[in-house]
Amino acid sequence: MNYVRIPEEIIQDVSIGEKRVIVFSYLCCRRSLDDTVAFSITELVEWSKLKPNYRTGKINQKYWSVLEQFTELNYIKTKLDFKRLKSEQKNSNEYLNVLINNEKFDMTDRYGIIYFDELQKILNFKKKLENKEIETNRISSSQILLVLSYIRLNMNRIPNKPRCCYRLLKTISEDIEISERYIKRIITILSELDIVKFEEMKRNRYLDRENNICFSTTPKVFADYKVYTKDSYGNHAIDKTYSWKDEIEKQISILEND
């Protein structure tokens, strides 16, 4: 089973920047058996389906800044000369070899999981959705991966409970610092890509102190489009008994009756 596990610390630390999950995913994908990653900034940017740009404040510098933060947080053990790297006046193909901290990469506490097939869908989402009437302008793969990892981090895994995550868009926005407007587009993209499905609950109706009819915002309920189980041989396989619609219906029923 091929996947990356994004630690809660990475998902929640907004100071690293919104590119944090996509860069972490790259390091996981390129990780060798000896826990090293050989890369160039040009390869990293192109892997992200973006064009390298060394100018001040552009994508190369943003990725270097994330890598620098990962080093400060001890996810990367090798000390690079980030001052030199960020000031380069070219799209460098220089390959660097860094040693990652396997204890932090392999942590098994709280994390958001992203499968390789989902990663590829998200990296290529604009091409996959080019014939769909879905707003993708100004949305990036890095933002989609960040929202997905957040939903997966908060997905319920308690036995006999619906496998769902329910959150107000306002809460997601505050937690990861992406605007509600963009999050609304992103969850639509994730649904269209058959990665995560969601449904909106009916708004709650109530009377205020002056007996005016008001409505309160309710959370969106998310569920994975598909989940995996182990077959009789111990291999991972898609769970054919699972239904995302059933999971969401059960979760909404619980919330409405609380």
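Just so it is clear, the model here is predicted, and its values are computed rather than measured. (Residues numbered from 1 in each chain as written. Predicted model: local features only at pLDDT ≥ 70, side-chain atom pairs only at ≥ 80, totals over all residues. Heavy atoms only, no water.)

Student: Before we go on, may I ask you to explain the pattern of salt bridges in this structure?
Tutor: If charged atoms from side chains of opposite charge come close, those side chains can pair. In the structure shown here, the tally under the stated rule is 17 salt bridges. Of the charged contacts in the structure, one is a salt bridge between D106 and R31, with a shortest N-O distance of 2.9 Å. Of the two residues, D106 sits in the loop between α6 (102-105) and β4 (111-115) while R31 sits in the loop between α2 (20-30) and β2 (36-39), which places them 75 residues apart along the sequence. As a salt-bridge pair, D117 and K226 come within 3.3 Å of each other at their nearest N and O atoms. Placement of the pair is D117 in helix α7 (residues 116-123) and K226 in the loop between β9 (220-224) and β10 (228-230), with a sequence separation of 109 residues. Overall, the relative accessible area of 34% leaves D117 in the partly exposed class. Three or more residues are tied together by salt bridges with common partners; here these are E118, R152, R157 and D224. (Salt bridge = Lys/Arg side-chain N within 4 Å of Asp/Glu carboxyl O. Helix = DSSP H or I, 4+ residues; strand = E, 2+ residues; numbered from the N terminus. Buried < 20%, exposed > 50% of the residue type's maximum accessible area, 1.4 Å probe, protein only.)

Student: Help me out: how do you make sense of the side chain of T218 in this one?
Tutor: Tracing the backbone shows T218 in the loop between β8 (213-216) and β9. On the accessibility criterion, T218 (11% relative accessible area) is buried. Within the structure, the side chain of T218 is placed 3.1 Å from the backbone oxygen of M201, a separation counted as a polar contact. (Polar contact = N/O pair within 3.5 Å; in protein donor to acceptor, adjacent residues only side chain to side chain.)

Student: Quick question: what am I supposed to make of the sheet that holds strand β6 (residues 196-200) here?
Tutor: Within a sheet, neighbouring strands are paired by backbone hydrogen bonds and run either parallel or antiparallel to one another. Pairing within the open sheet is antiparallel, and its three strands lie in the order β5-β9-β6. Of all the strands in the sheet, just β5 (164-167) and β6 have a single pairing partner and so form its edges. For this sheet, the mean angle separating the axes of adjacent strands, direction not counted, is 25°. The sheet contact formed by β5 and β9 spans four bridges and is antiparallel. Residue pairing for β9: R167 is matched across the bridge by K220. Of the strands in this sheet, β5, β6 and β9 touch helix α9 (residues 141-153), which is tilted by about 75° from β6. The strands touched by helix α12 (residues 244-257) are β5, β6 and β9; relative to β9, the strand with the most contacts, the crossing angle is about 145°. (Pairing = 2+ DSSP bridges. Axes fitted to C-alpha atoms, helices over the stretch in contact; angles between N-to-C directions. Contact = heavy atoms within 4.5 Å.)

Student: Looking at this model, I keep getting lost on the packing of α9 against helix α10 (residues 169-176). Mind explaining?
Tutor: How two helices pack is summed up by the angle between their axes together with the distance between the axes. Orientation of α9 relative to α10, taken along the N-to-C sense of each, is 110°, at an axis distance of 11 Å. The orientation of α9 with respect to α10, classified from their angle, is roughly perpendicular. The hand of the α9/α10 crossing is right-handed. Two secondary-structure elements touch here, α9 through L146, V147 and Y150 and α10 through T171, I172, D175 and I176. A breakdown of the residues in the contact of α9 with α10 according to their chemical character gives five nonpolar, one polar and one charged. (Parallel < 35°, antiparallel > 145°, perpendicular 65-115°, else oblique. Left-handed = near helix turned anticlockwise from the far one by under 90°. Nonpolar A, V, L, I, M, F, W, Y, C, P; charged D, E, K, R; others polar.)

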